[in-house]
Amino acid sequence: AVLRRHDLTVNLNLSMLAPGPGASQKRFNWRRFTVTASYGYIHGRQNSDGAFSVPPTGDLNAEWGPLGADAPYRITTSVTSTQLRNLNVNLSWTTNSGSPYTWTTGLDDNQDGIINDRPAGVALRSLRTPGQATANLRVSYTLATAGGGAPVPAGARRYRVSLNLNASNLTNHTNLGGYSGNERVNFMQPTLVVNPRRVDMGL
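Everything quoted here is computed from the prediction, not taken from an experiment.

> Quick one: what's the story with the overall build of the protein chain, residue by residue and with numbers?
Scanning the protein chain from N- to C-terminus turns up zero helices and twelve strands. Secondary structure elements of the protein chain occur, N-terminal to C-terminal, as β-β-β-β-β-β-β-β-β-β-β-β. Since a compact globule built from 203 residues should have a radius of gyration of about 17 Å, the 26 Å found for the protein chain marks it as more spread out than a globular shape. Over its C-alpha atoms, taken along the principal directions, the protein chain stretches across nearly 85 × 30 × 30 Å. Scored against the burial criterion, the 203 residues of the protein chain give a buried share of 26%. Taking contacts inside the protein chain between residues at least 6 apart in sequence as the whole, the part at least 24 apart equals 64%.

> Describe the environment of Ala18, listing the residues and the values that go with them.
Along the chain, Ala18 turns up in the loop between β1 (3-15) and β2 (33-46). Relative accessible area serves as the criterion here: at 58%, Ala18 is assigned to the exposed category. Spatially, the C-alpha atoms of Ala18 and Arg32 are 9.0 Å apart, while their sequence positions differ by 14 residues.

> Quick one: what's the story with the pattern of salt bridges, residue by residue and with numbers?
Here the idea is simple: oppositely charged side chains can pair when their charged atoms come close. For the structure shown, the criterion picks out six salt bridges. One salt bridge in this structure joins Asp70 and Arg45, with 3.4 Å as the shortest N-O distance. Of this pair, Asp70 sits in the loop between β3 (65-66) and β4 (71-81) while Arg45 sits in strand β2, placing them 25 residues apart in sequence. Note on Asp70: relative accessible area 6%, which makes it buried. By relative accessible area, Arg45 is classed as partly exposed at 32%. Here Asp200 ties to Arg198 by a salt bridge, and the two come within 3.0 Å at their closest N and O atoms. Three or more residues are tied together by salt bridges with common partners; here these are Arg45, Asp70 and Arg128.

> Which residues make up the pairing of strand β5 (residues 87-96), and what values do they have?
Relative to β5, β4 runs antiparallel, the two sharing eight bridges. Bridge assignment links Val79 to a residue of β5, and that residue is Leu91. What sits between the antiparallel neighbours β4 and β5 is a turn of five residues, in which Asn86 has the positive phi angle 80 degrees.

> Before we move on, could you go through the packing of aromatic side chains and cite the residues and values that matter?
Under the counting rule described, the total for this entry stands at two aromatic pairs. With a centroid separation of 6.1 Å and an interplanar angle of 35 degrees, the aromatic rings of Tyr101 and Tyr179 are classed as tilted. Here Tyr101, found in strand β6 (residues 100-101), pairs with Tyr179, found in the loop between β10 (175-177) and β11 (192-194); they are 78 residues apart in sequence, far enough to count as distant. Consider the rings of Trp103 and Phe187, whose centres lie 5.3 Å apart with planes at 40 degrees: the pair is tilted. Note that Trp103 is positioned in the loop between β6 and β7 (127-128) and Phe187 in the loop between β10 and β11, a separation of 84 residues in sequence. Of the residues examined, Phe187 reaches a relative accessible area of 25% and is grouped as partly exposed.

> Go over the side chain of Asp117 with me, naming the residues and quoting the values.
Among the structural elements, Asp117 can be located in the loop between β6 and β7. One buried charged side chain, Asp117, makes no salt bridge at all; its nearest oppositely charged neighbour is Arg118, positioned 8.3 Å away. Side-chain polar atoms of Asp117 contact the backbone nitrogen of Asp109, separated by 3.3 Å. For Asp117, the residues in contact, after removing those within four places along its chain, are Pro56, Trp103, Thr104, Thr105, Leu107, Asp108, Asp109 and Asn110.

> Can you break down the side chain of Asn90 residue by residue, with the values?
With respect to the secondary-structure elements, Asn90 resides in strand β5. Residue classification places Asn90 among the buried residues on the basis of a relative accessible area of 6%. Polar side-chain contacts of Asn90 include one of 2.7 Å to the side chain of Thr80. Ignoring sequence-local partners within four residues, the contact set of Asn90 consists of Ser78, Val79, Thr80, Asn136, Leu137 and Arg138.

How each quantity is defined
Residues numbered from 1 in each chain as written. Predicted model: local features only at pLDDT ≥ 70, side-chain atom pairs only at ≥ 80, totals over all residues. Heavy atoms only, no water. Helix = DSSP H or I, 4+ residues; strand = E, 2+ residues; numbered from the N terminus. Rg over C-alpha atoms; globule rule 2.2 N^0.38 Å. Buried < 20%, exposed > 50% of the residue type's maximum accessible area, 1.4 Å probe, protein only. Contact = heavy atoms within 4.5 Å. Salt bridge = Lys/Arg side-chain N within 4 Å of Asp/Glu carboxyl O. Pairing = 2+ DSSP bridges. Phe/Tyr/Trp six-rings, centres within 6.5 Å; stacked < 30°, edge-to-face > 60°. Lys, Arg positive; Asp, Glu negative; His and termini not counted. Polar contact = N/O pair within 3.5 Å; in protein donor to acceptor, adjacent residues only side chain to side chain.

Okay, here's the thing in structure tokens:
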């Protein structure tokens, strides 16, 4: 069997603040934020469904189809703000294309004892799930307090208390998964929801 794959990745990182000793001194500085972004592209083709998968056609040359990891796009963007001293806010958004999966008849049409047959003329992994998108939010605020015990230098802080909030899938966007390519069982229908909204708070 043969697998061919080509990957392309592009990254962007933009910081509005030049590094320096006074960069974090002011209580508020609008320049204290960064933007990052990445784009990924995977183009793959394969003429097998796995190392121990017998091709239903009996001919590997008739088995060519998209690679399981084939992805026309995956985009991630992130904005991080430390504009207000002691407050860190990160908002990220990720979207990606759906995954290929195979259309099968659900029967042993060629009578080889393996139920992996496809309708005539249908290639391997010819179906694709819908794309997905997720927004995540992380917020952290740190309270620095002078503590008791051993003396500390003037202006120093002995204890820190951090308040945290993490929200995954902030908008509760419905991302469906578990699609079936079997004509006889939930054909082209999702069977689960991926990553519903979750919010965690901590001290």
